[in-house]
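Residue-level structural notes
Spelled out from the first residue to the last, the chains are:
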Amino acid sequence: MAVGETPLTVVGNLTDDPELRFTPSGAALAKFSVASTPRTYDKASGQWQDGTAMFLRCTAWRDLAEHIAESLTKGMRVVVTGRLRQHNWQNEQGENRSMLGLEVDDIGPSLQFATATVERAGRKPAASAPGNDPWKTAAPASGGRGTPAPASGSGEEPPF
């Protein structure tokens, strides 16, 4: 965390399934919203009262993004930690707009009202490491239509 960043922890519910996308360079990106509603106990009525809900847009990157998309779904209560970010832009009418969002550092299910089974995720080898071509496939026994398959390591591009 850099100096001057605003760390934040939010407990709330996912408003929808996380949306997983990939940047042109191949980095995974998950976007989702968390709704956090404060509740107070009203002694006079003997009931819980909901306050005003806060909706916070969250963004996670790389392996964390993929794990979120594989593990979490709409309605789940989560504990999210990250860094508060302000996004500024101009709309089509030239008016300045801004919004706050959370760049997620860590997230997990809240265990206050639920249980979870944790499975350790395997580490992915670095894509730039020698021999770690994510598109490499085993060569077929024949190249199709009676032609021999290219020799392994022939430098040919994958067949797609």
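Residues numbered from 1 in each chain as written. Predicted model: local features only at pLDDT ≥ 70, side-chain atom pairs only at ≥ 80, totals over all residues. Heavy atoms only, no water.

1. Digging into the overall build of the protein
The number of helices and strands found in the protein is one helix and eight strands. By the burial criterion, 20% of the 160 residues in the protein qualify as buried. Taking the intrachain contacts of the protein between residues at least 6 apart in sequence as the baseline, contacts between residues at least 24 apart amount to 56%. (Helix = DSSP H or I, 4+ residues; strand = E, 2+ residues; numbered from the N terminus. Buried < 20%, exposed > 50% of the residue type's maximum accessible area, 1.4 Å probe, protein only. Contact = heavy atoms within 4.5 Å.)

2. Observations regarding the pattern of salt bridges
Pairs can form between side chains of opposite charge whenever their charged atoms are close. Overall, the coordinates contain eight salt bridges when judged by the stated rule. Here Glu5 and Arg85 are joined by a salt bridge, their closest N and O atoms 2.8 Å apart. Linking Glu5 in the segment before strand S1 (6-14) with Arg85 in strand S7 (residues 77-90), this pair joins segments that are 80 residues apart in sequence. By relative accessible area, which is 25% here, Arg85 ends up partly exposed. One salt bridge connects Glu19 with Arg21, and the closest N-O pair in it is separated by 2.7 Å. Arg21 sits in the partly exposed class, given a relative accessible area of 38%. Several salt bridges share partner residues, and in doing so they unite Glu5, Arg83, Arg85, Glu103 and Asp105 into one network. (Salt bridge = Lys/Arg side-chain N within 4 Å of Asp/Glu carboxyl O.)

3. Focus on helix H1 (residues 62-71)
Listing the buried residues of H1 in full gives Ala65, Glu66 and Ile68. Mapping the buried residues of H1 onto a view down its axis gives an arc of 160 degrees, with all of them on the same face. (Arc of directions from axis to C-beta.)

4. Considerations on the pairing of strand S5 (residues 47-50)
Examined bridge by bridge, strand S4 (residues 39-42) and S5 share four bridges and lie antiparallel to one another. Bridging from a neighbouring strand, Tyr41 pairs with Trp48 of S5. Between the antiparallel neighbours S4 and S5 lie four residues, among them Gly46 with a positive phi of about 75 degrees. (Pairing = 2+ DSSP bridges.)

5. Some details on the side chain of Ser36
As for its placement among the helices and strands, Ser36 is situated in strand S3 (residues 28-36). Classification of Ser36 by relative accessible area gives buried; the value is 18%. Of the polar contacts made by the side chain of Ser36, one reaches the backbone oxygen of Val11; its length is 2.9 Å. If we skip the residues at most four places from it in the chain, Ser36 touches Val10, Val11, Gly12, Thr52, Ala53 and Met54. (Polar contact = N/O pair within 3.5 Å; in protein donor to acceptor, adjacent residues only side chain to side chain.)

6. A look at the environment of Asp63
Tracing the backbone through its elements, the reader meets Asp63 in helix H1. In this structure Asp63 comes out as partly exposed when scored by relative accessible area, which is 36%. Note: C-alpha distance between Asp63 and Ala121 (58 residues apart in sequence) is 9.4 Å.

7. Thoughts on the packing of aromatic side chains
As enumerated under the stated definition, the model contains one aromatic pair in all. Taking 5.4 Å as the distance between ring centres and 65 degrees as the angle between the ring planes, the aromatic pair formed by Tyr41 and Trp48 counts as edge-to-face. When its relative accessible area of 45% is taken as the criterion, Tyr41 is described as partly exposed. (Phe/Tyr/Trp six-rings, centres within 6.5 Å; stacked < 30°, edge-to-face > 60°.)

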